[in-house]
Amino acid sequence: MAQDGTPSRERIVAGAADLISRRGLNAASIRNLAKHARAPLGSTYHYFPEGKGQLATEAVRYADTAVARILGKALEAGPVAGLRAFLSLWRGVVVDSEFRAGCPVLAVSVEEPPADEIPPALVAAAEAFDAWERLLADALRDHGADPERAPALAALVVASVEGAIAMCRAKRGIQPLDHVAEQLEALIVGAVERRP
């Protein structure tokens, strides 16, 4: 058990996910990641002896788990409820950070990896997107969407929301997310209303 004042491993990971969502992976050094989490550099290396790559991978997995938990719970009420929760989560991140933060999974995904290497953080990002798409596709199928169309619609949801997050940050406004929300909800309603 950690002593008072000693940063937990999870707090360091959460801090890293937040900093990556703000600055991207390449702009965040291990020292900056530790500082952002208010953790001593020594503690950070203690928990993450492989350094920045290991911490970044854990940060992506942390974000994946948090999003999947919220999305999965909301999808119990159906795909529209899941979509709304997914959008609400990212709206909160973008607005609460005054358009400074986005999705750490996306941030890791858009940076150029070293030549001839696929870093574990990038693999974790792909796995996160796959997991969110799978949750959405399963809910769509369970609620009557065409089973063959459901995976593509789920991918459209994730890609559209992630793109809208980036647009909101660039434009310093929430309108892109609002437009995407309206269109995606109409598509999902249309897809599940076609049940036989």
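This report concerns the structure included in the present document. (Residues numbered from 1 in each chain as written. Predicted model: local features only at pLDDT ≥ 70, side-chain atom pairs only at ≥ 80, totals over all residues. Heavy atoms only, no water.)

### A word on the overall build of the protein
Item 1. Helix and strand content of the protein: nine helices and zero strands.
Item 2. In terms of overall dimensions, the protein is globule-like: its C-alpha atoms have a radius of gyration of 18 Å, near the 16 Å expected for 196 residues.
Item 3. For the protein, the share of sequence-separated contacts (at least 6 apart) that also reach a separation of at least 24 residues comes to 67%.
Item 4. Only carbon and sulfur atoms are counted for the fraction: they give 53% of the accessible area of the protein, which is about 10400 Å².
Item 5. Once the 22 positive and 25 negative side-chain charges of the protein are each reduced to a mean point, those two points are 7 Å apart. (Helix = DSSP H or I, 4+ residues; strand = E, 2+ residues; numbered from the N terminus. Rg over C-alpha atoms; globule rule 2.2 N^0.38 Å. Contact = heavy atoms within 4.5 Å. Areas by Shrake-Rupley, 256 points an atom, 1.4 Å probe, with all protein chains shown as cover. Lys, Arg positive; Asp, Glu negative; His and termini not counted. Charge placed at Lys NZ, Arg CZ, Asp CG, Glu CD.)

### Remarks on the state of the cysteines
Item 1. Taken as a whole and assessed by the stated rule, the structure comprises zero disulfides.
Item 2. With no disulfide of its own, Cys103 lies closest to Cys168 among cysteine sulfurs, the gap being 13 Å.
Item 3. Using a relative accessible area of 3% as the deciding quantity, one classes Cys103 as buried. (Disulfide = S-S within 2.5 Å. Buried < 20%, exposed > 50% of the residue type's maximum accessible area, 1.4 Å probe, protein only.)

### Some remarks on helix α4 (residues 52-75)
Side chains of residues three or four places apart in an α-helix project in the same direction, reflecting 3.6 residues per turn.
Item 1. Taking 1.5 Å of rise per residue, the 24 residues of α4 would be expected to cover 34 Å, and the 34 Å separating its terminal C-alpha atoms lies within 8% of that figure.
Item 2. Those residues of α4 that fall on the buried side of the exposure criterion are Gln54, Leu55, Ala56, Thr57, Ala59, Val60, Ala63, Asp64, Val67, Leu71, Ala74 and Leu75.
Item 3. Against α1 (9-23), α2 (30-36), α3 (41-47), α5 (79-96), α6 (104-109) and α7 (120-142) lie the buried residues of α4. (Expected span 1.5 Å × (residues − 1).)

### Re the packing of α5 against helix α8 (residues 150-171)
Item 1. In contact at an axis separation of 11 Å, α5 and α8 are set at 20° when each is read in the N-to-C sense. By the angle class used here, α5 and α8 are roughly parallel. Read as a crossing pair, α5 and α8 show a hand that is right-handed. Together, Leu83, Phe86, Leu87, Trp90 and Val94 of α5 and Val157, Val158, Val161, Glu162, Ile165 and Cys168 of α8 make up the contact between the two elements.
Item 2. When the residues that make up the contact of α5 with α8 are grouped by side-chain class, the tally is ten nonpolar, no polar and one charged. (Axes fitted to C-alpha atoms, helices over the stretch in contact; angles between N-to-C directions. Parallel < 35°, antiparallel > 145°, perpendicular 65-115°, else oblique. Left-handed = near helix turned anticlockwise from the far one by under 90°. Nonpolar A, V, L, I, M, F, W, Y, C, P; charged D, E, K, R; others polar.)

### Comments concerning the packing of aromatic side chains
Item 1. Applying the stated criterion across every chain, the model contains five aromatic pairs.
Item 2. Judged by centre distance (5.9 Å) and plane angle (70°), the ring pair of Phe86 and Trp132 falls under edge-to-face. One end of the pair, Phe86, is in helix α5; the other, Trp132, is in helix α7, and 46 residues separate them in sequence.
Item 3. A residue is classified by how much of its surface remains accessible, and Phe86, at 1% relative accessible area, is buried.
Item 4. Where Phe129 meets Trp132, the ring centres are 5.7 Å apart and the plane angle is 85°; that geometry is what we call edge-to-face. Separated by three residues within a single helix, Phe129 and Trp132 lie in helix α7, roughly one turn from each other. We note that Phe129, like Trp132, is buried.
Item 5. Grouped by ring-pair contacts, the aromatic residues Phe86, Trp90, Phe129 and Trp132 constitute a single cluster. (Phe/Tyr/Trp six-rings, centres within 6.5 Å; stacked < 30°, edge-to-face > 60°.)

### Looking at the environment of Leu122
Item 1. Topologically, Leu122 is positioned in helix α7.
Item 2. The partly exposed category is assigned to Leu122, whose relative accessible area is 23%.
Item 3. Put simply, Leu122 and Gly53 are 69 residues apart on the chain and 9.9 Å apart in space, counted from C-alpha to C-alpha.
Item 4. With residues near it in sequence (within four places) discarded, Leu122 still touches Val108, Ser109 and Pro113.

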